[in-house]
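Overview (structure and organization)
Each chain, letter by letter, is given below.
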Amino acid sequence: MCGIVGYIGTKKASPILINGLIRLEYRGYDSAGISTIEQNGLSIMKDKGRVKNLYNLDGIDNLKGTIGIAHTRWATHGKPSKENSHPHMDNSKTFSVVHNGIIENYNELRNFLLDNGYTFYSQTDTEVIPNLVHYYYKKETGSNQAKFLNAFKKACNDLNGSFAIEIICKDCPDIMIVTRKDSPLVIGKGENENYISSDIPAILSFTRNFYLLNDLEIAVLSRDNIDFYDKDLNAIQKNAEIIGWNALSAEKDGYEDFMLKEIYEQPTAIRETIGAKLSENSKCEFSELNITRDYLLNLNKIYIVACGTAMHAGLAGKNVIEKLCKIPTEVDIASEFRYREPLVDEKTLCIFISQSGETADTIAALKLCKKKGAKTLAISNVIGSSITREADFSIYTHAGPEIAVASTKAYTSQVILITLLAIYFAEILDISNSEIKKLKKDILELPKKIEETLKLSEVVKNFSKEVYQEKDMFFLGRGIDETVAKEGSLKLKEISYIHAESYPAGELKHGPIALIENGITVISIMTDKKLVEKTVSNIQEVITRGAKTLVVTNQNIKEDMFDMTIKIPETNTFISPILSIIPLQLFSYYISKEKGLDVDKPRNLAKSVTVE
Ligand code: F6R
């Protein structure tokens, strides 16, 4: 979803800004633009379409400014067009603004400004911001810089909704001001230069020192300094976070696409996520958590709340928590949960899973649970992301930056982390049995088995070539395999645009089997010994009706029944989703490639869904 970049330093800003936008392209967008302060005032260059189109705009090469802001827009208010693209200026061309998020009271503010003689040239909510700042700026006294800061603060106080805002002023060519509320924004500190971005990977090649703003905090960036203020403009101190990721981890590193690279990074992502938390002969360790036996014994339930793929990881979490710890666990989609009047109280532990840590619905669900008195625990891949700053506790997957829109390594890392969490809870509860012992051993062997599974790539690729022109596919499984069916089906939809449905295999007869006809592709996952025979008989039913079948299994089944069997290494059922999803990730990837689609940036999708 929208991306913002900012630069203030001694170099020409425009190429740095465009480069930053290119790195944010994966978030999803429909138009792009930059604004710099030039000798003769503010310049704005913008258009709908791809970021690289900016290079073709008249005058872009003549820009010399060393301070600028930039934006990729994902349309919410007003269609994708040049007028609606950011940056937006006020009527007097004193301020230039980019904004992510939604100003909920923009109609009211727009009417107020219209009554005060302002004119609007776009349909966006954003255009109220520079004009509102100008409205207050005119009334201020003192230095231009003081007027700018005070006017900006007053304008922000009038805004409802979510926002990350960057603003520059032609009267103050040596500062840039930023703020945020419920929308991501990071500040990168360099040597005589400072950067702004919606996320860390876009500016990792410039710095590893980052500052994070809490809601409504304001930062004033100059070339060699950053001042921080609370919402009332009281000065505050902040320490930089040093980020361990390196720039290479945000590059394709020889792979054709980020998605393929990220699929192949899974052995490392899992190793890193396990880290020092687990060894075969000692208790599972989460030093960042402060959870007692009494607290767990008194829980009425655990809620796991997330969206999309992260929610699918939550389903694997429910399986392991309920079976190992015997604590009732519910999984819900954040956008549903928050309006469901969920039964949450101080005896509920609420776990929120979010790769980006910026998903609007998941953050809102977390805030709701906090209000209801529950303890909240965030699982995220991004240190310092909004969700981790809201939650009582945070634990991290260490998957490294995930750039491709379709989540792969973040999902498998989430599944392993929540499995470790379940073991940690079980051990606090003094549950120690051979099942847990065995699971620990299996987890430690998992990275090697992922490497083995990745070797099946060619087989998967060949099957993909046979079926890439299909219009519909079904994904079936039982028990834990059904959660993988869900994730496999989501992956396929997202990047291949093939309609896919996932079903518990036993549910097929209750309706969906009516859709099975000659030639339709049915993919089934069978890793649970107890359920495999049942699933095989369900697949027999679709074979009888002419379906083409692909089976992902680690069991000894009669392979010649199926058109293609992908044999993955055997592992513990609790963690089998981590292996069984890999052929399905590759399947979606190769189908998308075969169809000539943009694997990393599928249509209509955004990496980080920062609006509800
Ligand atoms: C699917 C996918 C999405 C995300 C979902 C939640 O491949 O990436 O379904 O999983 O939008 O995103 P996060 O985990 O950032 O909250």
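Residues numbered from 1 in each chain as written. Predicted model: local features only at pLDDT ≥ 70, side-chain atom pairs only at ≥ 80, totals over all residues. Heavy atoms only, no water.

1. Here's the deal with the sheet that holds strand β5 (residues 88-89)
Defined as follows: Here, a strand pair is defined by DSSP locating no fewer than two bridges between the strands. Secondary structure elements are taken from DSSP: a helix is a run of H or I of four residues or more, a strand is a run of E of two residues or more, and numbering for both begins at the N terminus. By definition in these notes, contact holds between two residues if any of their heavy atoms fall within 4.5 Å. As a rule, the C-alpha atoms of each element are fitted with a line to give its axis, helices using only the stretch in contact, and angles between N-to-C directions run from 0 to 180 degrees.
Read from one edge of the open sheet, 7 strands run β5-β6-β7-β8-β12-β13-β14, paired in antiparallel fashion. In the strand order of this sheet, the two ends are held by β5 and β14 (235-236), each with one partner. Summarising the sheet, strand β8 (residues 176-181) and strand β12 (residues 218-221) pair through 4 bridges and their orientation is antiparallel. Of the residues in β12, the one forming a bridge with Val178 is Ala219. Running over the sheet, helix α3 (residues 128-139) touches β5, β6 (95-103) and β7 (161-169) and is turned about 125° from β6.

2. Looking at unusual backbone geometry
In plain terms, the rule: Each residue is assigned to one of three classes by its accessible area relative to the maximum for its type, calculated with a 1.4 Å probe on protein chains only: buried under 20%, partly exposed between the two thresholds, exposed over 50%.
A cis amide bond, omega 0°, links His86 with the succeeding residue Pro87. Looking at the secondary structure, you find Pro87 in the loop between β4 (67-73) and β5. One non-glycine residue, Asn192, lies in positive phi territory at about 55°. Looking at where Asn192 falls in the secondary structure, it is placed in the loop between β9 (186-189) and β10 (194-197). Using a relative accessible area of 46% as the deciding quantity, one classes Asn192 as partly exposed. Look at Tyr497: it is not a glycine, yet its phi comes out positive at around 60°.

3. Some words on the packing of α3 against helix α4 (residues 144-158)
Quick note on the threshold: Note that the term roughly parallel is reserved for angles under 35 degrees, roughly antiparallel for angles over 145, roughly perpendicular for angles of 65 to 115, and oblique for everything else. In this scheme, a crossing is called left-handed if the near helix is turned counterclockwise away from the far one by less than a right angle; it is called right-handed if the turn is clockwise. Asp, Glu, Lys and Arg are counted as charged, while Ala, Val, Leu, Ile, Met, Phe, Trp, Tyr, Cys and Pro are counted as nonpolar; the rest, among them Gly, fall into the polar class.
Running from amino to carboxyl end, α3 crosses α4 at an angle of 130°, the nearest separation of the two axes being 8 Å. In terms of their interaxial angle, α3 and α4 are classed as oblique. Crossing of α3 over α4 shows right-handed handedness. Listed contacts from α4 to Leu132, Val133, Tyr136 and Tyr137 of α3 are Asn144, Lys147, Phe148, Ala151, Phe152, Lys154, Ala155 and Asp158. The residue inventory of the contact of α3 with α4, partitioned by class, reads 8 nonpolar, 1 polar and 3 charged.

4. Comments concerning the side chain of Thr126
Summarising the element assignment, Thr126 is placed in the loop between α2 (106-115) and α3. According to the relative accessible area criterion, Thr126 is buried, its value standing at 0%. Each residue touching Thr126, except ones within four places of it in the same chain, is listed here: His86, His88, Val97 and His99.

The analysis is restricted to geometry; functional conclusions fall outside its scope.
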